[in-house]
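Coordinates in review
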Amino acid sequence: MARTTTPPQPATLPAVPDSSSWEQVATREVSKALLYFPPWLVGVLLFGLGAAFHFTLRSDDPQTVAWTTALIITCVLALTALTWRQSHARSLTGRAHTTLTTLAGGLWVCAATINGPATTVTGRLILIGGVAFALSFNIRTVIRTKQIDVGGAVADPLGFLFGRGAEKAGMPQVQARTIQASAHKVTGEVQLAEGRQVADDLQKKVPYVESGIGLPPGSIVTSVDPDDASKAKVVISDPRVMKQPIVWPGPSRVGASIAAPVRPGLWQDLDDVEYVIVGHHVQIMDKTGAGKSIGGAWNLLGEIVTRHDVAVFAIDITKGEQTLGPLKAALHRLETTKEGAKALLSEMQANVKPRTDLLSGKGLQKWAEGCGLTYWVLWLEEFPDIFDALTDKQQEQFLSLIKAIRSAGGTVVLSLQRSDWTQMPTIARGQLAKMCFGVDSAADATFGLSEAQEDAGCRPELWSNKQPGMAYLDAPSIPDDRITMPMRTYAWGLTATGAFDDERANGQMRAHAAAFPAIHKQIDPMTAALSRLSAAALANPAPLPAVHDGTAGDDDPDDDEEVRNVATEYLNTDDPDPEVTVDLDDEITDFPEGEPPLTFAPPEPKMTPEQRGAALMDRLHELWDDGARDVGTGDFKVLWETTDISRAWFQKQMRRLSEAGVLGAYDDDRQRYLMEHRPELP
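1. With respect to the confidence of the model for the protein
Interpretation of this model should avoid reading the predicted coordinates in detail wherever pLDDT is low. Here the protein averages 80 in pLDDT, and 80% of its residues register 70 or above. Contacts from residues 1-21, a stretch scored under 50 in pLDDT, to residues over four places away or in other chains number one contact. This stretch, residues 593-603, has a pLDDT under 50; its non-local contacts, to residues over four places away or in other chains, come to one contact.

Right, dumping it as structure tokens:
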């Protein structure tokens, strides 16, 4: 039998590091040691510099010594100021440490130049003081490299942390500082590498900066600094606070003008969203279930219908009254059929020119608060179905309406699920602000976001329809640093446990709409004709609603009783002359001749231009003295109610005062003149 043998295995030898490994270790240790060497080298250089100046001066001439000393001191002060300026990104302690070291070293060189470097005083100063300063820098190096007391190492945690995150993201020269801090956000300013970086570069790196700091995705929002291209603005907040629905708190400005901001929700930093919807058109887009109907339509319309100078016209031929039906009492017209939709759009188009003519007659280029026209909001729910229902000619008329109604005093809101070229005319899309809720994909997001939001990396596809109510908003009245910040619209119908109840939501909205019915608004004749409110409702309006306290859906029987009592008080008044009794069929007798019982006041005297000007200036002074720092048309209503001043004359004079510097510039967004000082004629 053959015997097999196992070949001998080589002995296992201990691993010996090769020479290159030893070289790497030595290099690393030498590098660490060199971190502590520079302060000592600076001390040696200072000693040599003082000695060189002292022995090369060699002059007993007082003037030579004086101007040399003065020159050295000037250089020392300049270097000290430069050190303070260049170390602005350091903590206050580090900045002071570096600056004082520069000043002390320079003053020692000056003393050594005069007295010599090795005299009793200067020698001991460089020996004791120099060693102390060098050791202090070594201690700071140890703390910095060992990550000891990072929080206490800097006075500005944002600057320190953001700098670390930016360095890890490949932007080592970025420096940040805190401008304002609150319980929910930190606002800062970021200094970029001048000539090499701009705000767009930082926006693209934000996800990596968040990763480097360890923040949740979406915590950092950046924007361009309008005053300096080498800087960016940054806001840091916690996006996790937006994961839960936020209960609708009620309308923000009941009875105000539509020119005042509406509040559809909260920004991620928990500040109110302040959005002026006047003067532009809006596109609202989302994936089914992401919140454009309840979050977008209900919150915006819930605010709009509480304003005194606006009428809402709405169309939904797809879902009928499912979305907008609960708001019906507050709407001036709701169309749910194709024929009704076509009729409304045609009638609205026909009224555009009369409205612009009326505004032109008042000296206005566009609608303004107090101009006498009711502002129009045209809400088009599921817009693609409405547009498809129009003939080619009607589509052209609609596009003309989109372009013209803005200056006539109207906003069009187009709500849809995907605003691609098959669903939205390109010419219309270019006219629209953007409100984008959660979408299905990044490709869909390109149709719902503005170019600025896309460039900043906004990603509504991350929400999809899992966080209903989350949205981005880019509109003329939204600040640049907000268009990339997520917001969350308010939720209706939440139960005590935070769950959404559809029935409860509908009940709350119906109660809210009933509290602000369309029939109780004072509207202009063109709006009244377009609204088609029933003649019976206008002739016999419902009792005035109770004062709305901001709580949706609270039905209090005591409130209804109070309303009935108030109505009864005004309907049943005391008879001023109970002795006079007549019936409707009684003959009306003439007054006896020669005894006219009535006299008429003479007509009001016509004001001279000087008197009108004086009345206008008196009103401006009154507003300034009451604390106003900007004024609008509504502030001068008293003039045309009590004098013969017309709105057209008023608008013309206000423009002249602005051009003359008596008033400040005109704010187009707010439609108000600024007052930087008390208005006085030159």
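2. Topic: the sheet that holds strand E14 (residues 630-631)
In space, the three strands of this open sheet follow the order E14-E16-E15, with antiparallel pairing throughout. The open sheet is flanked by E14 and strand E15 (666-667), the only strands paired with a single partner. The sheet contact formed by E14 and strand E16 (residues 672-674) spans two bridges and is antiparallel. Counted as the bridge partner of aspartate 630 is leucine 674 from E16.

3. Quick word on the nonpolar core
The tendency in soluble globular proteins is for nonpolar side chains to be buried as a group. Core analysis: the largest hydrophobic core is formed by 67 residues, its most contacted members being Tyr275, Ile304, Trp367, Trp379 and Leu473. Those elements giving two or more residues to this core turn out to be strand E5 (265-267), strand E6 (281-285), helix H9 (292-304), strand E7 (310-315), strand E9 (375-380), strand E11 (432-437), strand E12 (470-474) and helix H17 (502-515). Per-element tally for this core: the top contributor is H9, with five residues. If near-sequence neighbours (up to four positions away) are discounted, tryptophan 379 is found in contact with Ile284, Gly296, Ala297, Leu300, Leu301, Phe313, Ala314, Ile315, Leu324, Val413 and Ser415.

4. Focus on the packing of helix H21 (residues 609-625) against helix H23 (residues 647-659)
In a packed pair of helices, the relevant descriptors are the angle between the two axes and the axis-to-axis distance. Their axes nearest at 12 Å, the elements H21 and H23 cross at an angle of 70°. The angle between the axes of H21 and H23 places the two elements in the roughly perpendicular class. Handedness of the crossing formed by H21 with H23: right-handed. Each of Arg612, Gly613, Leu616, Met617 and Leu620 in H21 lies in contact with H23, whose residues at this interface are Trp649, Phe650, Gln653, Met654 and Leu657. Its residues assigned to classes, the contact of H21 with H23 shows seven nonpolar, two polar and one charged.

5. Brief notes about the pattern of salt bridges
The final tally for this structure, using the stated rule, is 27 salt bridges. For aspartate 238, the salt bridge is made with arginine 240, and the minimal N-O distance between the two is 2.9 Å. Here lysine 292 makes a salt bridge to glutamate 382, at a shortest N to O gap of 3.1 Å. With a gap of 90 residues between them, lysine 292 in helix H9 and glutamate 382 in the loop between E9 and helix H12 (383-388) connect regions that are remote in the sequence. Here lysine 292 matches glutamate 382 in class, with each residue buried. Salt bridges sharing common partners tie together Lys185, Asp269, Asp271 and Arg482.

6. Let's talk about the environment of histidine 308
Turning to its location among the elements, histidine 308 is positioned in the loop between H9 and E7. For histidine 308, a relative accessible area of 42% corresponds to the partly exposed category. Here the alpha-carbon distance between histidine 308 and phenylalanine 516, two residues 208 residues apart in the chain, equals 9.6 Å. Beyond its immediate sequence surroundings of up to four residues, histidine 308 is in contact with Gly255, Ala256, Ser257, Lys521 and Gln522. Of the polar contacts made by the side chain of histidine 308, one reaches the backbone oxygen of glycine 255; its length is 3.1 Å. Here the side chain of histidine 308 touches alanine 256 through a polar contact of 3.1 Å, landing on its backbone oxygen.

7. Re the pairing of E11
Taking burial as the measure, the six residues of E11 include six buried ones, the bulk of the element. Residues Leu432, Lys434 and Cys436 of E11 are buried on one face, and the alternating residues Ala433, Met435 and Phe437, pointing to the opposite face, are buried as well. Pairing geometry for E6 and E11, over five bridges, is parallel. Paired with isoleucine 284 across the bridge in E11 is methionine 435. Bridge count for E11 against E12 is four bridges, and the pairing is antiparallel. Bridging from a neighbouring strand, cysteine 436 pairs with tyrosine 472 of E12.

The rules behind the values
Residues numbered from 1 in each chain as written. Predicted model: local features only at pLDDT ≥ 70, side-chain atom pairs only at ≥ 80, totals over all residues. Heavy atoms only, no water. pLDDT = per-residue confidence, 0-100. Contact = heavy atoms within 4.5 Å. Pairing = 2+ DSSP bridges. Helix = DSSP H or I, 4+ residues; strand = E, 2+ residues; numbered from the N terminus. Core = buried A, V, L, I, M, F, W, Y, C linked by side-chain atoms within 4.5 Å. Buried < 20%, exposed > 50% of the residue type's maximum accessible area, 1.4 Å probe, protein only. Axes fitted to C-alpha atoms, helices over the stretch in contact; angles between N-to-C directions. Parallel < 35°, antiparallel > 145°, perpendicular 65-115°, else oblique. Left-handed = near helix turned anticlockwise from the far one by under 90°. Nonpolar A, V, L, I, M, F, W, Y, C, P; charged D, E, K, R; others polar. Salt bridge = Lys/Arg side-chain N within 4 Å of Asp/Glu carboxyl O. Polar contact = N/O pair within 3.5 Å; in protein donor to acceptor, adjacent residues only side chain to side chain.

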